[in-house]
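Analysis of the macromolecular model
Spelled out, the chains give:
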Amino acid sequence: MADPSRPSPLSSLIGVDVDATAERVYRALVSGGPALGPDLAGLLGISVEDIETAIGALRQVGLVDMADGGKISAVPPSLALEGMVAQREQQVRAARTALDELAEEYRRAREVQLSNGIEIVRGRSEIGSWLNGLLLSAKEQMRMFAKPPFAVFGISETDTEREVAGRGLRERIIIERTVLDEPAAEKDLFASLDRGQEIRMVQSLPAKLLIVDDSIAIVQLDEGGHAHSEVAVVRAGGLLDCLVFSFESLWRSAMQLREALGRRVDPNLASPKDLADPADREVLMLLLAGYTDAAVAARLGIGLRTMQRRVRRLMDLAGADSRVLLGWHARDRGWL
(Lines give C-alpha, C1' and ligand atoms only; values in the text may rest on other atoms or scores of the structure.)
Protein backbone atom coordinates (compact mmCIF):
# COMPACT_ATOMS: atom_id res chain seq x y z
CA MET A 1 0.00 0.00 0.00
CA ALA A 2 1.32 3.46 -0.91
CA ASP A 3 2.56 5.69 1.90
CA PRO A 4 0.26 8.77 1.84
CA SER A 5 3.04 10.84 3.38
CA ARG A 6 5.29 10.32 0.35
CA PRO A 7 4.68 12.48 -2.76
CA SER A 8 4.33 10.93 -6.19
CA PRO A 9 7.21 11.51 -8.67
CA LEU A 10 5.16 14.27 -10.31
CA SER A 11 4.08 16.01 -7.07
CA SER A 12 6.40 17.98 -4.81
CA LEU A 13 6.44 21.08 -2.64
CA ILE A 14 10.14 21.72 -3.21
CA GLY A 15 9.17 24.65 -5.43
CA VAL A 16 7.82 26.51 -2.37
CA ASP A 17 10.93 25.89 -0.23
CA VAL A 18 9.67 22.78 1.56
CA ASP A 19 12.22 19.98 1.73
CA ALA A 20 11.38 16.27 1.46
CA THR A 21 11.21 15.60 5.21
CA ALA A 22 9.03 18.62 5.93
CA GLU A 23 6.74 17.66 3.06
CA ARG A 24 6.28 14.16 4.48
CA VAL A 25 5.34 15.65 7.83
CA TYR A 26 2.86 18.06 6.25
CA ARG A 27 1.26 15.32 4.14
CA ALA A 28 0.90 13.12 7.25
CA LEU A 29 -0.85 15.96 9.08
CA VAL A 30 -3.14 16.62 6.08
CA SER A 31 -4.19 12.97 5.83
CA GLY A 32 -4.14 12.04 9.53
CA GLY A 33 -5.14 15.20 11.34
CA PRO A 34 -3.44 16.95 14.29
CA ALA A 35 -0.69 14.98 16.04
CA LEU A 36 2.08 15.32 18.60
CA GLY A 37 5.68 15.49 17.44
CA PRO A 38 6.72 12.13 19.01
CA ASP A 39 3.70 10.44 17.41
CA LEU A 40 4.69 11.80 14.00
CA ALA A 41 8.24 10.59 14.54
CA GLY A 42 7.02 7.05 15.21
CA LEU A 43 4.58 7.12 12.30
CA LEU A 44 7.11 8.31 9.77
CA GLY A 45 10.21 6.61 11.14
CA ILE A 46 11.96 9.95 11.64
CA SER A 47 13.86 11.14 14.70
CA VAL A 48 12.13 13.59 17.06
CA GLU A 49 14.89 16.14 16.34
CA ASP A 50 14.19 15.93 12.60
CA ILE A 51 10.45 16.25 13.25
CA GLU A 52 11.06 19.43 15.27
CA THR A 53 13.24 20.87 12.50
CA ALA A 54 10.58 20.03 9.90
CA ILE A 55 7.81 21.58 12.02
CA GLY A 56 9.88 24.75 12.40
CA ALA A 57 10.33 24.98 8.64
CA LEU A 58 6.63 24.39 8.04
CA ARG A 59 5.62 27.05 10.57
CA GLN A 60 7.98 29.51 8.89
CA VAL A 61 6.12 29.20 5.59
CA GLY A 62 2.70 29.10 7.26
CA LEU A 63 1.80 25.46 6.61
CA VAL A 64 1.15 24.33 10.20
CA ASP A 65 -0.33 25.70 13.44
CA MET A 66 -0.16 24.57 17.04
CA ALA A 67 -3.45 22.96 18.10
CA ASP A 68 -4.86 22.23 21.57
CA GLY A 69 -2.70 20.08 23.83
CA GLY A 70 0.49 20.87 21.94
CA LYS A 71 -0.59 19.01 18.83
CA ILE A 72 0.47 20.23 15.41
CA SER A 73 -2.20 20.72 12.76
CA ALA A 74 -1.99 21.37 9.03
CA VAL A 75 -3.19 24.71 7.69
CA PRO A 76 -5.64 23.99 4.82
CA PRO A 77 -3.53 23.52 1.63
CA SER A 78 -5.58 25.91 -0.49
CA LEU A 79 -5.21 28.64 2.11
CA ALA A 80 -1.52 28.05 2.78
CA LEU A 81 -0.20 27.21 -0.67
CA GLU A 82 -2.31 29.08 -3.21
CA GLY A 83 -0.57 32.40 -2.64
CA MET A 84 2.93 30.89 -2.61
CA VAL A 85 2.34 28.91 -5.82
CA ALA A 86 0.91 31.99 -7.56
CA GLN A 87 3.95 34.01 -6.47
CA ARG A 88 6.37 31.35 -7.81
CA GLU A 89 4.48 31.17 -11.10
CA GLN A 90 4.84 34.94 -11.44
CA GLN A 91 8.56 34.65 -10.69
CA VAL A 92 8.98 31.95 -13.34
CA ARG A 93 7.19 34.10 -15.92
CA ALA A 94 9.47 37.01 -15.04
CA ALA A 95 12.52 34.73 -15.32
CA ARG A 96 11.36 33.53 -18.76
CA THR A 97 10.99 37.12 -19.93
CA ALA A 98 14.45 37.95 -18.58
CA LEU A 99 15.88 34.85 -20.32
CA ASP A 100 14.49 35.96 -23.68
CA GLU A 101 15.84 39.49 -23.18
CA LEU A 102 19.28 38.25 -22.13
CA ALA A 103 19.47 35.78 -25.01
CA GLU A 104 18.73 38.57 -27.46
CA GLU A 105 21.32 40.83 -25.82
CA TYR A 106 23.86 37.98 -25.85
CA ARG A 107 23.38 37.49 -29.60
CA ARG A 108 23.72 41.20 -30.29
CA ALA A 109 26.85 41.54 -28.14
CA ARG A 110 28.63 38.73 -29.98
CA GLU A 111 27.29 39.60 -33.41
CA VAL A 112 25.80 36.13 -33.73
CA GLN A 113 24.21 35.56 -37.11
CA LEU A 114 20.51 34.72 -36.85
CA SER A 115 18.41 34.26 -39.97
CA ASN A 116 15.24 32.27 -40.56
CA GLY A 117 15.73 30.07 -37.50
CA ILE A 118 19.47 29.50 -38.08
CA GLU A 119 22.00 30.78 -35.56
CA ILE A 120 25.77 30.50 -35.97
CA VAL A 121 27.72 29.72 -32.78
CA ARG A 122 31.51 29.88 -32.68
CA GLY A 123 34.14 28.67 -30.21
CA ARG A 124 34.55 25.38 -28.37
CA SER A 125 33.36 26.80 -25.06
CA GLU A 126 30.19 28.29 -26.57
CA ILE A 127 29.50 25.11 -28.55
CA GLY A 128 29.93 22.98 -25.42
CA SER A 129 27.51 25.20 -23.50
CA TRP A 130 24.91 24.90 -26.25
CA LEU A 131 25.26 21.11 -26.42
CA ASN A 132 24.87 20.67 -22.68
CA GLY A 133 21.97 23.11 -22.55
CA LEU A 134 20.09 21.35 -25.34
CA LEU A 135 20.60 17.92 -23.82
CA LEU A 136 19.29 19.13 -20.46
CA SER A 137 16.26 20.69 -22.17
CA ALA A 138 15.26 17.45 -23.95
CA LYS A 139 11.83 16.15 -22.99
CA GLU A 140 11.15 13.19 -25.31
CA GLN A 141 14.09 12.14 -27.47
CA MET A 142 17.48 12.97 -28.91
CA ARG A 143 19.19 11.86 -32.12
CA MET A 144 22.88 12.15 -32.86
CA PHE A 145 25.49 11.62 -35.58
CA ALA A 146 28.84 10.83 -33.89
CA LYS A 147 32.14 10.83 -35.75
CA PRO A 148 35.73 11.45 -34.64
CA PRO A 149 37.78 13.32 -33.80
CA PHE A 150 35.84 14.29 -30.68
CA ALA A 151 36.75 17.78 -29.49
CA VAL A 152 33.64 19.02 -27.68
CA PHE A 153 31.31 16.04 -27.44
CA GLY A 154 32.14 12.35 -27.78
CA ILE A 155 30.85 8.87 -27.01
CA SER A 156 32.20 8.65 -23.46
CA GLU A 157 29.67 9.25 -20.68
CA THR A 158 29.43 12.76 -19.21
CA ASP A 159 27.61 14.15 -16.17
CA THR A 160 25.04 15.67 -18.52
CA GLU A 161 24.44 12.33 -20.26
CA ARG A 162 23.98 10.59 -16.90
CA GLU A 163 21.36 13.17 -15.95
CA VAL A 164 19.59 12.81 -19.32
CA ALA A 165 19.61 8.99 -19.10
CA GLY A 166 17.80 9.19 -15.77
CA ARG A 167 14.82 10.90 -17.43
CA GLY A 168 13.91 7.97 -19.67
CA LEU A 169 14.30 9.76 -22.99
CA ARG A 170 14.75 7.80 -26.19
CA GLU A 171 18.37 8.27 -27.28
CA ARG A 172 19.43 7.14 -30.76
CA ILE A 173 22.97 7.52 -32.02
CA ILE A 174 24.46 6.72 -35.42
CA ILE A 175 28.22 6.36 -35.28
CA GLU A 176 30.76 6.38 -38.06
CA ARG A 177 32.82 3.18 -38.42
CA THR A 178 36.00 5.08 -37.52
CA VAL A 179 34.61 5.52 -33.99
CA LEU A 180 35.69 1.91 -33.36
CA ASP A 181 39.32 3.00 -33.77
CA GLU A 182 39.03 5.50 -30.91
CA PRO A 183 40.69 4.65 -27.55
CA ALA A 184 38.27 2.84 -25.21
CA ALA A 185 35.55 2.91 -27.91
CA GLU A 186 34.30 -0.59 -27.18
CA LYS A 187 33.98 0.07 -23.43
CA ASP A 188 32.22 3.41 -23.99
CA LEU A 189 29.81 1.97 -26.56
CA PHE A 190 28.81 -0.97 -24.40
CA ALA A 191 28.30 1.39 -21.46
CA SER A 192 26.03 3.53 -23.68
CA LEU A 193 24.02 0.49 -24.76
CA ASP A 194 23.73 -0.70 -21.17
CA ARG A 195 22.19 2.60 -20.08
CA GLY A 196 19.54 2.35 -22.79
CA GLN A 197 20.95 4.21 -25.78
CA GLU A 198 20.22 2.72 -29.20
CA ILE A 199 23.34 2.77 -31.37
CA ARG A 200 23.76 1.92 -35.05
CA MET A 201 26.76 2.23 -37.32
CA VAL A 202 27.42 3.33 -40.90
CA GLN A 203 30.58 3.49 -42.98
CA SER A 204 30.69 7.30 -42.98
CA LEU A 205 28.71 10.33 -41.80
CA PRO A 206 28.51 13.76 -43.45
CA ALA A 207 28.81 15.82 -40.24
CA LYS A 208 28.28 15.81 -36.50
CA LEU A 209 24.66 16.41 -35.56
CA LEU A 210 22.41 16.60 -32.49
CA ILE A 211 18.62 16.85 -32.79
CA VAL A 212 16.49 17.40 -29.68
CA ASP A 213 12.72 16.75 -29.59
CA ASP A 214 12.07 17.62 -33.27
CA SER A 215 12.39 21.25 -32.17
CA ILE A 216 16.05 22.25 -32.40
CA ALA A 217 19.34 20.88 -33.75
CA ILE A 218 23.05 21.61 -33.78
CA VAL A 219 24.98 20.69 -36.92
CA GLN A 220 28.71 20.96 -37.57
CA LEU A 221 29.79 23.61 -40.08
CA ASP A 222 33.59 23.39 -39.94
CA GLU A 223 35.81 20.34 -40.45
CA GLY A 224 34.98 19.18 -36.93
CA GLY A 225 38.52 18.42 -35.77
CA HIS A 226 40.13 19.33 -32.46
CA ALA A 227 39.84 23.00 -33.42
CA HIS A 228 36.05 22.49 -33.72
CA SER A 229 34.86 26.09 -33.71
CA GLU A 230 31.64 26.62 -35.66
CA VAL A 231 28.16 25.08 -35.63
CA ALA A 232 24.69 26.08 -36.77
CA VAL A 233 21.79 26.01 -34.32
CA VAL A 234 18.71 25.14 -36.39
CA ARG A 235 15.23 25.78 -35.07
CA ALA A 236 11.86 24.48 -36.29
CA GLY A 237 11.40 24.87 -40.03
CA GLY A 238 12.25 23.33 -43.37
CA LEU A 239 15.94 22.84 -42.67
CA LEU A 240 15.28 21.07 -39.37
CA ASP A 241 12.75 18.82 -41.13
CA CYS A 242 15.47 17.89 -43.65
CA LEU A 243 17.90 17.03 -40.85
CA VAL A 244 15.31 14.82 -39.15
CA PHE A 245 14.52 13.13 -42.48
CA SER A 246 18.23 12.49 -43.12
CA PHE A 247 18.70 10.95 -39.69
CA GLU A 248 15.67 8.67 -39.98
CA SER A 249 16.63 7.54 -43.50
CA LEU A 250 20.15 6.67 -42.41
CA TRP A 251 18.90 5.01 -39.22
CA ARG A 252 16.80 2.54 -41.20
CA SER A 253 19.78 1.37 -43.23
CA ALA A 254 22.43 1.47 -40.48
CA MET A 255 23.81 -1.62 -38.74
CA GLN A 256 22.73 -2.14 -35.16
CA LEU A 257 25.74 -2.82 -32.97
CA ARG A 258 23.97 -5.04 -30.50
CA GLU A 259 20.43 -5.92 -29.56
CA ALA A 260 19.09 -2.95 -27.60
CA LEU A 261 16.89 -3.42 -24.53
CA GLY A 262 13.41 -4.61 -25.55
CA ARG A 263 14.21 -4.59 -29.29
CA ARG A 264 15.21 -7.16 -31.88
CA VAL A 265 18.03 -6.97 -34.38
CA ASP A 266 16.71 -5.87 -37.78
CA PRO A 267 15.45 -8.90 -39.76
CA ASN A 268 17.44 -7.95 -42.88
CA LEU A 269 20.72 -8.51 -41.04
CA ALA A 270 22.62 -11.78 -41.13
CA SER A 271 21.64 -14.46 -38.62
CA PRO A 272 23.65 -17.11 -36.71
CA LYS A 273 22.75 -19.82 -39.23
CA ASP A 274 25.02 -18.07 -41.75
CA LEU A 275 27.93 -19.83 -40.01
CA ALA A 276 27.45 -23.29 -41.48
CA ASP A 277 30.94 -24.46 -40.53
CA PRO A 278 31.46 -24.81 -36.72
CA ALA A 279 35.15 -24.04 -37.29
CA ASP A 280 34.19 -20.49 -38.30
CA ARG A 281 32.94 -19.83 -34.79
CA GLU A 282 36.20 -21.11 -33.34
CA VAL A 283 38.20 -18.91 -35.72
CA LEU A 284 36.25 -15.83 -34.62
CA MET A 285 36.62 -16.62 -30.93
CA LEU A 286 40.38 -17.10 -31.25
CA LEU A 287 40.84 -13.93 -33.30
CA LEU A 288 38.83 -11.86 -30.82
CA ALA A 289 40.87 -13.40 -28.00
CA GLY A 290 43.97 -11.84 -29.57
CA TYR A 291 45.54 -14.82 -31.39
CA THR A 292 47.44 -14.13 -34.60
CA ASP A 293 46.47 -15.74 -37.90
CA ALA A 294 49.47 -18.06 -37.64
CA ALA A 295 48.56 -19.12 -34.09
CA VAL A 296 44.94 -19.81 -35.07
CA ALA A 297 46.05 -21.78 -38.14
CA ALA A 298 48.39 -23.91 -36.03
CA ARG A 299 45.71 -24.53 -33.45
CA LEU A 300 43.21 -25.66 -36.10
CA GLY A 301 45.81 -27.67 -38.03
CA ILE A 302 45.36 -25.75 -41.30
CA GLY A 303 47.70 -23.74 -43.46
CA LEU A 304 48.17 -20.01 -42.94
CA ARG A 305 46.79 -19.13 -46.40
CA THR A 306 43.75 -21.34 -45.80
CA MET A 307 43.23 -19.54 -42.53
CA GLN A 308 43.49 -16.11 -44.19
CA ARG A 309 41.04 -17.16 -46.91
CA ARG A 310 38.59 -18.26 -44.20
CA VAL A 311 38.86 -14.86 -42.47
CA ARG A 312 38.39 -13.08 -45.79
CA ARG A 313 35.25 -15.14 -46.44
CA LEU A 314 33.88 -14.23 -43.00
CA MET A 315 34.54 -10.54 -43.65
CA ASP A 316 32.72 -10.77 -46.99
CA LEU A 317 29.81 -12.54 -45.31
CA ALA A 318 29.61 -9.77 -42.71
CA GLY A 319 30.10 -6.97 -45.23
CA ALA A 320 33.02 -5.79 -43.08
CA ASP A 321 36.17 -4.11 -44.36
CA SER A 322 38.20 -4.63 -41.18
CA ARG A 323 38.64 -7.23 -38.48
CA VAL A 324 37.40 -4.77 -35.86
CA LEU A 325 34.12 -4.42 -37.75
CA LEU A 326 33.96 -8.20 -38.21
CA GLY A 327 34.19 -8.56 -34.42
CA TRP A 328 31.28 -6.16 -33.87
CA HIS A 329 29.25 -7.95 -36.53
CA ALA A 330 29.92 -11.36 -34.95
CA ARG A 331 28.77 -10.14 -31.53
CA ASP A 332 25.73 -8.36 -32.94
CA ARG A 333 24.50 -11.42 -34.89
CA GLY A 334 25.14 -14.01 -32.20
CA TRP A 335 27.94 -15.72 -34.09
CA LEU A 336 29.90 -16.26 -30.88
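**Focus on the overall build of the chain**
A count of helices and strands for the chain gives 12 helices and 11 strands. Per-residue burial for the chain yields a buried fraction of 40% across its 336 residues. For the chain, long-range pairs separated by at least 24 residues make up 65% of all intrachain contacts whose partners lie at least 6 apart in sequence. Surface accessibility of the chain: about 18,600 Å² in total, with carbon and sulfur atoms responsible for 54%.

**Focus: the pairing of strand β10 (residues 230–235)**
The pairing of strand β4 (residues 118–122) with β10 spans 5 bridges and is antiparallel. Bridged to V121 within β10 is V231. Where strand β9 (residues 216–220) lies against β10, 5 bridges are found, and the strand directions are antiparallel. Looking at β10, one finds that Q220 is bridged to V231.

**A look at the packing of aromatic side chains**
This model, assessed by the stated rule, comprises 2 aromatic pairs. Ring geometry for F145 versus F247: centroids 5.6 Å apart, planes at 20°, classification stacked. Taken together, the residues span a long stretch of sequence, with F145 in strand β5 (residues 141–146) and F247 in helix α8 (residues 238–253) at a distance of 102 residues. The exposure class of F247 is buried, given its relative accessible area of 0%. Ring plane angle 15° and centroid distance 5.8 Å describe the contact between F247 and W251, whose orientation is recorded as stacked. Pair noted here: F247 and W251 are both in helix α8, with a separation of 4 residues, about one helical turn. Assigned by exposure class, F247 and W251 land together as buried. Feature note: the residues F145, F247 and W251 constitute an aromatic cluster, connected by ring pairs.

**Quick notes on the nonpolar core**
Counting residues in hydrophobic clusters, the biggest one holds 43 residues, and the most contacted among them are I175, L180, L189, L210, V283, M307 and L326. Ignoring any residue separated from it by four or fewer positions in sequence, one finds L210 in contact with L131, L134, L135, M142, R143, M144, I216, A217 and I218. In terms of nonpolar packing, the next biggest core, distinct from the first, is built from 24 residues, L29, V64, I72 and M84 among them.

**Some points on the pattern of salt bridges**
With the rule as written, the count across this model stands at 11 salt bridges. Linked by salt bridges that have partners in common, R143, R172, D214 and E248 make up one network.

**Things to note about the packing of helix α9 (residues 278–288) against helix α10 (residues 293–300)**
For the pair α9 and α10, the least separation of the axes is 10 Å and the interaxial angle reads 140°. With respect to α10, the element α9 is oriented oblique. With respect to the hand of their crossing, α9 and α10 are arranged in right-handed fashion. Counting all contacts with α9, which are made through E282, V283, L286 and L287, the residues of α10 involved are D293, V296, R299 and L300. A breakdown of the residues in the contact of α9 with α10 according to their chemical character gives 5 nonpolar, no polar and 3 charged.

**Details of the confidence of the model for the chain**
Per-residue pLDDT for the chain averages 78, and the proportion of residues at 70 or more is 79%. Element-level mean pLDDT values for the chain span from 57 in strand β3 (residues 114–115) up to 92 in strand β8 (residues 209–212). A low-confidence stretch, residues 259–273 stays under pLDDT 50, and its non-local contacts, those more than four residues away or across chains, total 26 contacts.

**Quick look at helix α1 (residues 20–32)**
Its 13 residues place the ends of α1 18 Å apart at the C-alpha level, agreeing with the 18 Å of an ideal helix rising 1.5 Å per residue. Within the span of α1, buried status applies to A22, E23, R24, V25, Y26, A28 and L29. The N-cap residue of α1 is D19: its side-chain oxygen and the backbone nitrogen of T21 are 3.2 Å apart. G33 lies just past α1 and shows a positive phi near 85°.

So, how was this worked out
Residues numbered from 1 in each chain as written. Predicted model: local features only at pLDDT ≥ 70, side-chain atom pairs only at ≥ 80, totals over all residues. Heavy atoms only, no water. Helix = DSSP H or I, 4+ residues; strand = E, 2+ residues; numbered from the N terminus. Buried < 20%, exposed > 50% of the residue type's maximum accessible area, 1.4 Å probe, protein only. Contact = heavy atoms within 4.5 Å. Areas by Shrake-Rupley, 256 points an atom, 1.4 Å probe, with all protein chains shown as cover. Pairing = 2+ DSSP bridges. Phe/Tyr/Trp six-rings, centres within 6.5 Å; stacked < 30°, edge-to-face > 60°. Core = buried A, V, L, I, M, F, W, Y, C linked by side-chain atoms within 4.5 Å. Salt bridge = Lys/Arg side-chain N within 4 Å of Asp/Glu carboxyl O. Axes fitted to C-alpha atoms, helices over the stretch in contact; angles between N-to-C directions. Parallel < 35°, antiparallel > 145°, perpendicular 65-115°, else oblique. Left-handed = near helix turned anticlockwise from the far one by under 90°. Nonpolar A, V, L, I, M, F, W, Y, C, P; charged D, E, K, R; others polar. pLDDT = per-residue confidence, 0-100. Expected span 1.5 Å × (residues − 1). Polar contact = N/O pair within 3.5 Å; in protein donor to acceptor, adjacent residues only side chain to side chain.

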